[in-house]
Amino acid sequence: MANNDKYSRETHLIYGKAFTTKWDYNHHVVPPISSSTTFRLDSVERGALGFSEFEHIGELPDTEPPIYIYDRLGEPNKEILEENLAAAESGETAVTFATGMSAISGVLGILTQSGDEIVSHKTLYGCTFSLLTNWYPRYNIKTVKVDLTNPDNLYDAVTEKTKVVYFETPANPNLEIIDIEEVVKRVREINKNRDEKNQILTVVDNTFATPYCQRPIEWGVDFVVHSLTKNIGGFGTDMGGVVIGKRKYRDMLMLYRKDFGGVLSSKSAWPIMVYGLPSLAIRMQREIENAMKIAEFLSQHPKVQFVNYPGLPSYRFYEVAKKQMIDFHGKFAPGNMIYFALKGNTHEEGREKGRALMNYIAQNAYTLTLAVSLGHVRTLIEHPGSMTHSMIPAEEQIKEGIDPAGIRMSIGLENGDDIIRDLEEALSHI
Ligand SMILES: *Cc1c(COP(=O)(O)O)cnc(C)c1O
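What counts, and at which threshold
- Residues numbered from 1 in each chain as written.
- Predicted model: local features only at pLDDT ≥ 70, side-chain atom pairs only at ≥ 80, totals over all residues.
- Heavy atoms only, no water.
- Helix = DSSP H or I, 4+ residues; strand = E, 2+ residues; numbered from the N terminus.
- Buried < 20%, exposed > 50% of the residue type's maximum accessible area, 1.4 Å probe, protein only.
- Polar contact = N/O pair within 3.5 Å; in protein donor to acceptor, adjacent residues only side chain to side chain.
- Contact = heavy atoms within 4.5 Å.
- Phe/Tyr/Trp six-rings, centres within 6.5 Å; stacked < 30°, edge-to-face > 60°.
- Lys NZ or Arg CZ within 6 Å of the ring centre and 35° of its normal.
- Pairing = 2+ DSSP bridges.
- Axes fitted to C-alpha atoms, helices over the stretch in contact; angles between N-to-C directions.
- Right-handed = clockwise from strand over helix to strand, strands pointing away.
- Near = heavy atom within 4 Å.
- Areas by Shrake-Rupley, 256 points an atom, 1.4 Å probe, with all protein chains shown as cover.
- Nonpolar A, V, L, I, M, F, W, Y, C, P; charged D, E, K, R; others polar.

A. Geometry of the side chain of Asp 116. Positionally, Asp 116 belongs in the loop between helix H4 (100–111) and strand E2 (117–121). Residue class for Asp 116 comes out buried when judged on its relative accessible area of 8%. Within the structure, Asp 116 has its side chain in polar contact with the backbone nitrogen of Gln 113 (distance 2.8 Å). Apart from residues no more than four positions distant in its own chain, Asp 116 is found in contact with Leu 111, Asn 140, Ile 141, Lys 142, Lys 161 and Lys 163.

Written as structure tokens, this is what we have:
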């Protein structure tokens, strides 16, 4: 059973590499849950060889079964999942982490040191924002936040010290879309005048889109990160994260993970590998179909101020989305996330209506669940303005780029008409 490129990518998500040195796939239809913190060594020499291989992971071919030593260094379940995730994103290698945040701190950890700078898009997942704003300055790593929806803004933000350009697309929570190709083009242009060790590397958080809808590495990005907790895990049962990129960075990522310790539990790797990834394509297809219908419904509703959904032709970023958010066969795949706001005469009123809608939904809606996170079989809805950011006055929220009225929805696998009915009823009470 060799790897075979004649099969489509959805099929690969189910079968993985079909042949792996990490486990005997010939006799297991489903890989067993491997659960062992330590591994028996036949001799001290084998132990020594294992450690020396670990120090040179990126340089050695992986045709031989690995010598496993200790779970934090590597174990079969994580490594099968890593092979499949790398293939899904068209990357050379993948290293899993305990959570999306440990993956993000892992990749930024190997790419920066004291004195360096990061350029990021201004809108970021809250904890990533906090990592860059509250923690990295302690290590003398500065982040310059700019609006990358205009890629030309890079020119002003980049300095001699810049080592990383970091962004999410679509961005959390407002679904702003950044033109990956145009950012990569500019970074490459800047890199032409820099020596090898000062090259700026690009990192994209692809959590919202998933590899089913968008593969940034195919556009020339150096690293992709994911929260596996979300769309890839898909069922809301396990936390995880991954960094995908070039093989030459594998040893650094593995060393970072070994020493900082944010290792994915094999008991979490297993469901992501057995349930999450194989069902990703079919889940995303259904969720996109639902999201499209719901976005259209909301955009025609008289109480709705605006709807940000990459699949709506009226959306400001529709053309860029159509270019880069495509499935394995080139079809437009605008994802399962929607961001919208209710009309209000003032920002405070818009926020108040959002709060009221959330509370009505929490008490009355069967197919809408008031909860953070995303990429679940259930449709999840939340209102950052009155939840995570409730302490910040509406006017201040606007300055930080957060619409006080903005509501974020992660569309699930329900019958789309049921979700629309619940939304319609909730909106009629606001
Ligand atoms: C949730 C999320 C993260 C963090 O992932 P965890 O698994 O919760 O640590 C990072 N980026 C985005 C866009 C997310 O939605």
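There is more to say after this.
B. Quick peek at the packing of aromatic side chains. All chains considered together, the criterion is met by nine aromatic pairs. One Lys or Arg, Lys 323, reaches over the ring of Trp 219 and ends 5.7 Å from the middle of that ring.

C. Structural view of the sheet that holds E2. Strands sit in the order E1-E7-E6-E5-E4-E2-E3 across an open sheet of seven strands; the sheet is mixed. The two strands at the open ends of the sheet, each matched to only one other strand, are strand E1 (93–97) and strand E3 (142–146). Each strand axis lies, on average, 20° off the axis of its neighbour in the sheet, ignoring direction. Examined bridge by bridge, strand E4 (residues 162–168) and strand E5 (residues 201–205) share five bridges and lie parallel to one another. Each residue of the ladder has a partner; that of Phe 167, found in E5, is Val 204. Of the strands in this sheet, E1 and strand E7 (241–245) touch helix H9 (residues 250–260), which is tilted by about 10° from E1.

D. Main features of the pairing of E4. When you tally the buried positions in E4, you get seven out of seven residues, the bulk of the element. Inspection of the sheet shows E2 paired to E4 by four bridges, in the parallel sense. Bridge pairing links Val 119 to Val 165 in E4. In the classification by handedness, the crossover that spans E4, the intervening helix H7 (residues 180–191) and the parallel E5 is right-handed.

E. Expanded view of the site of the ligand. Neighbouring residues of the ligand: 14 residues in total, closest Gly 100, Asp 205, Ser 227, Thr 229 and Lys 230. At 2.9 Å, a backbone N or O of Met 101 approaches an oxygen atom of the ligand. Thr 229 places a side-chain nitrogen or oxygen 2.7 Å from an oxygen atom of the ligand. In the complex, 94% of the free accessible area of the ligand, which totals 380 Å², lies under the protein chains. Here the element with the most residues in the shell around the ligand is H4; it accounts for three residues. Residues that form the shell around the ligand fall into these classes: six nonpolar, six polar and two charged.

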